[in-house]
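Per-entry structural report
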Amino acid sequence: MALVVQKYGGSSVADAACMINVAERIRRTRERGDQVVVVVSAMGDATDDLIELAKQVNPDPDPREMDMLLATGEQVSIAILTMALHRLGVPAISLTGPQAGIFAEGIHLKGRIRDVRPERIWRALRENKVVIVAGFQGLDSSDDIVTLGRGGSDMTAVALAWALKADCCQFYKDVPGVFTADPRIVPEARKLDSISYDEMLELASMGAAVLQSRAVEFASAYRVPLEVLSSFEDRPGTRVCEETPDMEKIIVRGVAADTQQAKITLMEVPDRPGIAAAIFTAMANAGINVDMIVLNVRAQGQRADLSFTVPVTDLKTALKVVGEVVPEVASTGVTHDADIALVSIVGVGMRSHSGVAARMFSALARHGIDIQMISTSEIKISVVIAKSQAAEAVRVLHREFELDRESATPRARRRAASPARSRARRTR
């Protein structure tokens with residue numbers, strides 16, 4: 001008997017028919033003799049609808065009350081899915097995040113799981129019940145509900161799989177696995193049979209919407225076995241697992257684009273120690289994740305332009321923070337641009353193959369795609385470009401690295417000629 005944690009996203013539980021389909025899948029899993037814990041997201045676009053409803057009554061709603069509101073989306077899902085299981089004769093019980101023993105910390109709308117105490121889940125499993133848990137939420141030290149940010153249900157599933165020592169954590173999606181690129185952008189994108197934790201983490205953090213990056217990071221740290229499967233058909237999915245030597249034979253595993261980013265530039269910042277620390281300490285205190293950072297020292301050497309990217313949802317707050325810091329750091333002004341995209345190539349094979357950056361930049365240049373910023377790590381190269389060119393860039397890079405094939409061809413490997421690699425600068 002195995003213990004399986006299954007997570008179903010919003011599109012998988014979008015309506016009553018989808019709920020019945022999920023209930024049937026859970027029933028089949030249970031009939032194989034497995035114990036099942038299920039984590040569900042809100043139905044379809046319910047979260048977006050709740051956000052829109054809140055803004056109709058208050059354009060700047062209080063974060064605590066938003067958490068109270070948004071948590072109801074998952075609570076609707078768990079109740080409906082449990083009712084569907086009861087109809088099929090499957091004993092099941094629904095639990096909110098706090099009832100399931102999920103404790104969170106941090107600011108509202110951006111909480112982080114700090115502890116999982118699944119005693120009530122264990123009791124239900126011993127009673128031979130399927131346990132349906134609301135994702136995306138936990139209880140903070142003030143006994144308030146805190147939501148875990150976009151994709152937070154993924155984090156709920158992985159944390160429960162770790163706490164329960166589950167044999168596997170399965171993510172059921174409206175796609176049959178992890179692809180070399182978004183198949184809506186690149187029709188010839190290929191489903192991967194397996195991908196390393198590190199590659200999946202980079203793809204997730206760079207815009208691949210299959211899994212939440214924090215969930216993959218946690219799974220990697222604690223070696224929680226992951227699998228991405230289709231909710232609507234029975235076929236093998238993609239395993240997220242530890243790196244194997246064969247994985248390095250493939251130079252690039254996938255291409256991702258994140259169009260939900262914005263760039264902020266502080267102009268003519270004094271080039272002296274402590275300035276960057278003041279800026280990014282203020283960002284960290286506001287709970288803003290800063291990704292790419294570029295410092296351009298001016299010709300005279302005493303001033304520099306400092307550019308960095310933040311999630312577009314944090315742009316308003318980031319600009320407020322920067323505005324407060326500007327007098328302190330003596331910058332001459334601030335500009336921002338929300339019409340950008342981060343496009344990235346990812347692959348553990350980059351560690352052992354030279355010339356990858358040169359090929360990437362050359363391919364983009366041949367198609368007139370201008371690069372504004374660059375960041376690299378051992379297994380990832382990211383560039384900032386105009387948002388309007390993001391889809392084209394993904395298609396260009398997918399063709400350049402022949403990702404529609406099982407592995408890089410000899411011709412492709414010969415084209416990797418000159419080393420171009422540097423360390424990423426990233427702050428959290």
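Below, the structure is looked at part by part. (Residues numbered from 1 in each chain as written. Predicted model: local features only at pLDDT ≥ 70, side-chain atom pairs only at ≥ 80, totals over all residues. Heavy atoms only, no water.)

To continue, consider the sheet that holds strand β1 (residues 3-8). Taken together, the eight strands give an open sheet; going across it, the order is β3-β6-β2-β1-β9-β11-β12-β10, and neighbouring strands pair in mixed fashion. Sheet topology places β3 (92-95) and β10 (194-196) at the edges, where each strand pairs with a single neighbour. Strand after strand, the sheet turns through a mean of 20° between neighbouring axes, direction not considered. By the bridge criterion, five bridges tie β1 to strand β9 (residues 168-173) in an arrangement that is parallel. When the sheet's bridge partners are listed, V4 is paired in β9 with C168. Here helix α5 (residues 152-163) sits on the sheet in contact with β1, β2 (35-40), β6 (130-134), β9 and β11 (226-230), set at roughly 160° to β9. (Pairing = 2+ DSSP bridges. Helix = DSSP H or I, 4+ residues; strand = E, 2+ residues; numbered from the N terminus. Axes fitted to C-alpha atoms, helices over the stretch in contact; angles between N-to-C directions. Contact = heavy atoms within 4.5 Å.)

Tracing the chain through its elements places T309 in strand β15 (residues 303-311). When sequence neighbours within four positions are dropped, the list of residues in contact with T309 reads Q261, A262, K263, N289, V290, D291, M292, I340, L342, M373 and V384.

Turning next to the nonpolar core. Counting 50 residues, the largest nonpolar core has V37 and I121 as its most contacted members. Residue contributions to this core peak at seven residues, all from α5. Among residues more than four places away in sequence, those in contact with V37 are L3, V4, V5, Q6, I121, L125, V131, V133, L160 and L164. One finds V255, A357, I369 and A393 within the second-largest nonpolar core, a separate group that totals 25 residues. (Core = buried A, V, L, I, M, F, W, Y, C linked by side-chain atoms within 4.5 Å. Buried < 20%, exposed > 50% of the residue type's maximum accessible area, 1.4 Å probe, protein only.)

Our next topic: the side chain of T238. Along the chain, T238 falls in strand β12 (residues 238-241). For T238, the residues in contact, after removing those within four places along its chain, are P176, G177, V178, K191, L192, D193, S194, I195, L226, E227 and V228.

It is worth spelling out a nonpolar patch on the surface at this point. A grouping of V76, I80 and M83 is seen on the molecular surface, where their side chains present a nonpolar patch of about 270 Å² in accessible area. Here V76 is to be found in helix α3 (residues 63-87). The class for V76 is partly exposed, based on a relative accessible area of 45%. (Patch = residues over 30% accessible without salt bridge, like charges linked within 9 Å, V, L, I, M, F, W, Y side chains within 5 Å. Areas by Shrake-Rupley, 256 points an atom, 1.4 Å probe, with all protein chains shown as cover. Salt bridge = Lys/Arg side-chain N within 4 Å of Asp/Glu carboxyl O.)

Attention shifts here to the packing of aromatic side chains. In this description, an aromatic ring pair is defined by two values, namely the gap between the centres and the angle between the planes. Counted according to the given criterion, the structure contains five aromatic pairs. Look at Y8 and Y172: their rings are 4.9 Å apart centre to centre, the planes differ by 10°, and that puts the pair in the stacked class. A residue pair is termed long-range when its members are at least 10 positions apart, and Y8 in strand β1 and Y172 in strand β9 qualify at 164 residues. With relative accessibility at 6%, the residue Y172 sits in the buried group. Here F218 and Y222 contribute two aromatic rings whose centre-to-centre distance is 4.7 Å and whose plane-to-plane angle is 40°, an arrangement assigned as tilted. One end of the pair, F218, and the other, Y222, are both in helix α7 (residues 213-222), four residues apart, so they sit about a helical turn from each other. Exposure remark for F218: the relative accessible area of 18% places this residue in the buried category. Looking at R117, its charged tip hangs above the ring of F103, at a distance of 4.2 Å from the centre. (Phe/Tyr/Trp six-rings, centres within 6.5 Å; stacked < 30°, edge-to-face > 60°. Lys NZ or Arg CZ within 6 Å of the ring centre and 35° of its normal.)

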